[in-house]
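Structural overview
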Amino acid sequence: MHKPRVFVTRVIPSVGLDRIRAACHAEIWPEPLPPSHEILREKAEDCEGLLTMLTDRVDWRLLDACPRLRVVSNYAVGYNNIDVHSATERGIAVGNTPEVLTDATADMAFCLMIAAARRLVEANRDLHSGRWRTWEPMGHVGRDLVGRTLGIVGMGRIGSALARRCRGGWGMRVLYADVKRRERAELELGAEWVDFDTMLRESDFVSVHTTLNNGTRGMFDMRAFRKMKRTAVFVNTARGPIHVHEDLTRALRDGVIFAAGLDVTDPEPLPAGDPLLALPNVVVAPHIASATVTSRDAMAEIAAENLIAGLAGKPLRAWVNPEVEGPRRR
Ligand code: DGY
């Protein structure tokens, strides 16, 4: 039986890898760091399928170097690392892993909101360094969450899941800025659809849940931070380049906003010694929002299914470019 050749760019949970190994002639990159772009290209050249991470750039040059490629299955819900337009033009199916990481990511946003508002990391550092010597009536005073206003940028699955937690748990008012109206969130959560500037002005917490694209790249710059309350907390669990790194650093340093909680940065990782990392009012996690056993296993399962379906010329379970159906490569 012909087994299609595929390259998997990192080790993923065995529920996915075992299926791929059974169905394909698979090479799996074993290193803890991703393959370089050159190595990826070399490995992909003869492949019919690729299983990629958000750290792998799949551009038109790479696609052109792989004449047999039929499917790119991304092990992530976001797919800004892939030139989907070029893949579609070449009849290559692209898959992603939506839904299964919604709760894990919303939980991480929730966690960053509390940690940043209550200065948890700063307090923890002070404790470990011995700077904290006694209970302080004036020390580490943070911000409340109950009854405050949450601004969501991008009221999709993850944004709604966070809003549900904040509405139900803390009775927050929910505002959202989105390219389209989300009636379900309005009915269920009393969410109000407002323009971006109103959301910035009125929110105590602003959390980003939009995709990275030309319209959202750099949307949180100094101009945006200046419109936010000085007491506001900014949270980004989506993609680093949605905020302008230098502007966020300045906004936090100069007290333009109160604090930030980040699961994503630009670049990733930030170089050691980056000024942002020295600030007391930022909590930074290493892009771990989807890192729960359940989510990662489910992502592996969907990514494997997408890959195998794409190789067989079948519809993908989570298909980013279903319009490729007609002109699909066989
Ligand atoms: C995604 O899936 O896009 C996250 O950023 C990583 O799981």
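Residues numbered from 1 in each chain as written. Predicted model: local features only at pLDDT ≥ 70, side-chain atom pairs only at ≥ 80, totals over all residues. Heavy atoms only, no water.

Here the second largest pocket is characterised by a volume of approximately 190 Å³. Taken together, Thr 102, Met 155, Gly 156, Arg 157, Ser 160, Ala 161, Arg 164, Arg 182, Arg 184, Ala 185 and Glu 188 make up the full set of residues lining the second largest pocket. Listing elements by their share of the lining of the second largest pocket, those giving two or more residues are α7 (157–170) and α8 (183–189). Residues that form the lining of the second largest pocket fall into these classes: 3 nonpolar, 3 polar and 5 charged. (1 Å grid on protein atoms, 1.4 Å probe; cavity = no way out; pocket = protein on both sides within 12 Å on 5 of 7 lines; lining within 4 Å. Points joined across faces, edges and corners; volume = space filled by probe spheres on them. Helix = DSSP H or I, 4+ residues; strand = E, 2+ residues; numbered from the N terminus. Nonpolar A, V, L, I, M, F, W, Y, C, P; charged D, E, K, R; others polar.)

Turning our eyes to something else, we now look at the site of the ligand. All residues adjacent to the ligand are Leu 54, Ala 76, Val 77, Gly 78, Leu 101, Arg 239, His 287, Ser 290 and Met 299. One of the backbone nitrogen or oxygen atoms of Gly 78 is found 2.9 Å away from an oxygen atom of the ligand. One of the side-chain nitrogen or oxygen atoms of Ser 290 is found 2.7 Å away from an oxygen atom of the ligand. Tallied by class, residues from the shell around the ligand come to 5 nonpolar, 3 polar and 1 charged. (Near = heavy atom within 4 Å. Polar contact = N/O pair within 3.5 Å; in protein donor to acceptor, adjacent residues only side chain to side chain.)

With that settled, consider the sheet that holds strand β3 (residues 49–52). Strands in a sheet are paired, the pairing made by backbone hydrogen bonds, and the direction either parallel or antiparallel. If you trace the 5 strands from one edge of the open sheet to the other, you get β2-β1-β3-β4-β5, paired in parallel fashion. The open sheet is flanked by β2 (25–28) and β5 (93–95), the only strands paired with a single partner. Strand-to-strand twist across the sheet, computed as the mean angle between neighbouring axes with direction ignored, equals 15°. Along the sheet, helix α12 (residues 293–311) makes contact with β1 (5–8), β3, β4 (71–74) and β5, crossing β4 at roughly 175°. (Pairing = 2+ DSSP bridges. Axes fitted to C-alpha atoms, helices over the stretch in contact; angles between N-to-C directions. Contact = heavy atoms within 4.5 Å.)

Below, the discussion takes up the pattern of salt bridges. By the definition in use, this model includes 25 salt bridges. With a closest N to O distance of 3.8 Å, Asp 144 and Arg 148 form a salt bridge. With relative accessibility at 32%, the residue Arg 148 sits in the partly exposed group. (Salt bridge = Lys/Arg side-chain N within 4 Å of Asp/Glu carboxyl O. Buried < 20%, exposed > 50% of the residue type's maximum accessible area, 1.4 Å probe, protein only.)

With respect to topology, 7 strands assemble into an open sheet ordered β8-β7-β6-β9-β10-β11-β12, the strand pairing being parallel. Two strands in the sheet have a free side with no partner beyond their single neighbour: β8 (192–193) and β12 (282–284). As paired strands, strand β7 (residues 173–177) and β8 are joined by 2 bridges and run parallel to one another. Paired with Leu 175 across the strands is Glu 192, a residue of β8. Each of β6 (149–153), β7 and β9 (205–208) touches α7; the most contacted strand, β6, lies at about 175° to it.

Right, let's get into a negative patch on the surface. A contiguous patch of negative charge on the surface is contributed by Glu 38, Glu 42, Glu 45 and Asp 46. Locating Glu 38 in the fold gives a position in helix α2 (residues 37–44). When its relative accessible area of 56% is taken as the criterion, Glu 38 is described as exposed. (Patch = residues over 30% accessible without salt bridge, like charges linked within 9 Å, V, L, I, M, F, W, Y side chains within 5 Å. Areas by Shrake-Rupley, 256 points an atom, 1.4 Å probe, with all protein chains shown as cover. Lys, Arg positive; Asp, Glu negative; His and termini not counted. Charge placed at Lys NZ, Arg CZ, Asp CG, Glu CD.)

Let's shift gears to empty space enclosed by the protein. To find the voids left in a structure, one rolls a probe of water-molecule size over its atoms. Under the criterion given, the structure shown has 1 cavity of 30 Å³ or more. By volume, the largest cavity is sized at about 50 Å³. For the largest cavity, the full set of lining residues is Ala 115, Ala 116, Arg 119, Val 121, Glu 122, Ala 259, Pro 280, Asn 281, Val 282 and Val 283. Secondary-structure elements contributing two or more residues to the lining of the largest cavity are α5 (102–117), α6 (120–129) and β12. Considering only residue class, the lining of the largest cavity consists of 7 nonpolar, 1 polar and 2 charged.

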